[in-house]
Amino acid sequence: MIDLRSDTVTQPTPEMRRAMATAELGDDVYGEDPTVNRLQELAAEMLGKEEALLVTSGTQGNQISILSHCAPASEVILEEGAHILNYEAGAAAALAGVQFRPLAGERGALSPADVSEAIREDNIHFPPTALICLENTHNRAGGTVIPLQTMATIYRLARSRSIPVHLDGARLFNAAVASGIPARQYAAACDSVQICLSKGLAAPVGSVIAGTSDLIARARRWRKILGGGMRQAGIIAAPGIIALQTMVERLSEDHANARFLAEGLALMPGIELNPVQVETNIIIVRLTAMDAAQFSEALRKRAILVNTIGRDRIRFTTHKDVTRSHLEKALPQINGVLKRGEA
Ligand code: TLP
């Protein structure tokens, strides 16, 4: 199988498995797991924040952040394609009791002017604006890097109106590697950031939230409320440390592979894609002559897995477990499916 569905499918490295087996452990609800503490210190340092907190998943990290920033019946401004809005199963409505104010972005980037316009005035009829969420890289926009300048402008604006900013940085290190701008500079343009260890960085489980000590104290309490207080969690943190220390720079290989795949796909009949817009490890194409579900089923029969993200849209994701030679094999197969238009 050549699995291009997501970078979440990556397997831990042998070094990660060894680290799991030998990790020094303690009870993390008492704050006594030395491996968890090391991971949190490392993440806080890399992200330039006071403190960090290990959580079970990206979804939990985003939801805990929303809970830590927002009161019920308040409003969260975000881009209409945001993961928090589209792929977190309605969690923010059920848990934090907030409502969303989605804005159309430009390839995932919110316009600061639109954000400014969307911030609510103080009026008894209006839900108060409690949070602005950004996402970098932006998944549904095709792994786009949101420019630091855009983030910084929104952050300045948010501060002037006393509204916190949360960054869904599930793939923040992809943005950092692609742009050459350190992750901590992006993280400086938000109050809380969530990064995933379990995507391109290939750890088996986990995400980290980083922010001020005060924010992390609130987040720790919400994590407990949600049942995310884990005990000997060093088993999970140990591969997370290896992910942060050794797996960041190699993301550039995934980006080069994505560009290679995109250039091949762009030449095929029935595919609409501008390969120059592929900045990181995610490629989203529009099919012009075939139904997306049919296309992905035909590829599955040829041992290639992709994600269907709409009637005519397909997502391909590169990661450490797909090599250039896998892609060289996959391209003619994909071309064959498109040419025959068969299921
Ligand atoms: N995204 C997954 C699916 O949920 C769509 C994927 O395969 O890309 N933020 C962003 C931007 C994400 O892409 C994801 C995962 C998350 C948050 C949630 O992370 P997990 O899956 O750990 O809850």
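What you see is a predicted model, and the numbers here were worked out from it, not measured in a lab.

**Q** Where do I start with the domain arrangement of the chain in this structure?
**A** A common way to state how big an interface is: give the accessible area lost once the parts meet. You can read the domains of the chain as domain 1 (11-246) and domain 2 (250-340). At the junction of the two partners, domain 1 supplies 20 residues and domain 2 supplies 15 residues. Taken together, the two surfaces of domain 1 and domain 2 that pack against each other cover about 1,500 Å², and 48% of this comes from carbon and sulfur. Across the contact surface, domain 1 and domain 2 share one salt bridge.

**Q** Where do I start with the side chain of Glu135 in this structure?
**A** Within the element layout of this structure, Glu135 appears in strand 5 (residues 129-135). At a separation of 2.9 Å, a polar atom in the side chain of Glu135 contacts the main-chain amide nitrogen of Asn139.

**Q** How should the packing of helix 13 (residues 292-301) against helix 14 (residues 324-340) be read in this particular structure?
**A** How two helices pack is summed up by the angle between their axes together with the distance between the axes. The N-to-C vectors of helix 13 and helix 14 enclose an angle of 130°; their axes lie 10 Å apart at closest approach. In terms of orientation, helix 13 and helix 14 fall into the oblique class. Helix-helix and strand crossings are classified by hand; for helix 13 and helix 14 the assignment is right-handed. Contacts from Phe295, Ala298 and Leu299 in helix 13 reach Gln333, Ile334, Val337 and Leu338 in helix 14. A per-class count over the contact of helix 13 with helix 14 returns six nonpolar, one polar and no charged.

Basis of the calculations
Residues numbered from 1 in each chain as written. Predicted model: local features only at pLDDT ≥ 70, side-chain atom pairs only at ≥ 80, totals over all residues. Heavy atoms only, no water. Domains from an automatic or database assignment. Contact = heavy atoms within 4.5 Å. Buried area = accessible area lost by both parts, 1.4 Å probe. Salt bridge = Lys/Arg side-chain N within 4 Å of Asp/Glu carboxyl O. Helix = DSSP H or I, 4+ residues; strand = E, 2+ residues; numbered from the N terminus. Polar contact = N/O pair within 3.5 Å; in protein donor to acceptor, adjacent residues only side chain to side chain. Axes fitted to C-alpha atoms, helices over the stretch in contact; angles between N-to-C directions. Parallel < 35°, antiparallel > 145°, perpendicular 65-115°, else oblique. Left-handed = near helix turned anticlockwise from the far one by under 90°. Nonpolar A, V, L, I, M, F, W, Y, C, P; charged D, E, K, R; others polar.

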